[in-house]
Amino acid sequence: MQKPACPLASTTALKAGIPVVMLPSTVGGTPAATDLFTLFDDIIQRLTSVQG
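Residues numbered from 1 in each chain as written. Predicted model: local features only at pLDDT ≥ 70, side-chain atom pairs only at ≥ 80, totals over all residues. Heavy atoms only, no water.

1. Points about the overall build of the protein chain
- Along the backbone of the protein chain there are 2 helices and 0 strands.
- Relative to its 52 residues, the protein chain shows a buried fraction of 15%.
- Put simply, 21% of the contacts in the protein chain that link residues at least 6 apart link residues at least 24 apart.
- As displayed, the protein chain offers around 4,200 Å² of accessible surface, 65% of which is attributable to carbon and sulfur atoms. (Helix = DSSP H or I, 4+ residues; strand = E, 2+ residues; numbered from the N terminus. Buried < 20%, exposed > 50% of the residue type's maximum accessible area, 1.4 Å probe, protein only. Contact = heavy atoms within 4.5 Å. Areas by Shrake-Rupley, 256 points an atom, 1.4 Å probe, with all protein chains shown as cover.)

What follows is the structure, given as structure tokens:
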């Protein structure tokens, strides 16, 4: 798990009892995000796989 770039996100998530989800912000941001379509696929996969 990566450390969030924004400490406020971690603090807010902890207080709210919800997980922080690290999302790629650009093509190439993760190995799976090789073009615009796979970028959106990766984001959707990460958001739907969260166990909260």
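2. So, the pattern of salt bridges
- Taken as a whole and judged by the stated rule, the model has 1 salt bridge.
- Between Asp42 and Arg46 there is a salt bridge whose closest N-O contact spans 3.0 Å. Of the two residues, Asp42 and Arg46 are both situated in helix α2 (residues 36-48); the distance of 4 residues between them amounts to about one turn of the helix. (Salt bridge = Lys/Arg side-chain N within 4 Å of Asp/Glu carboxyl O.)

3. Notes on the side chain of Asp42
- A relative accessible area of 7% places Asp42 in the buried class.
- One polar contact links Asp42 to Thr30, side chain to side chain, over a distance of 2.5 Å.
- If sequence neighbours within four positions are ignored, Asp42 has contacts with Pro24, Thr30, Ala32 and Ala33. (Polar contact = N/O pair within 3.5 Å; in protein donor to acceptor, adjacent residues only side chain to side chain.)

4. Regarding the environment of Met22
- Among the secondary structure elements, Met22 is positioned in the loop between α1 (7-16) and α2.
- For the pair Met22 and Arg46, spaced 24 residues apart in the sequence, the C-alpha separation amounts to 7.9 Å.

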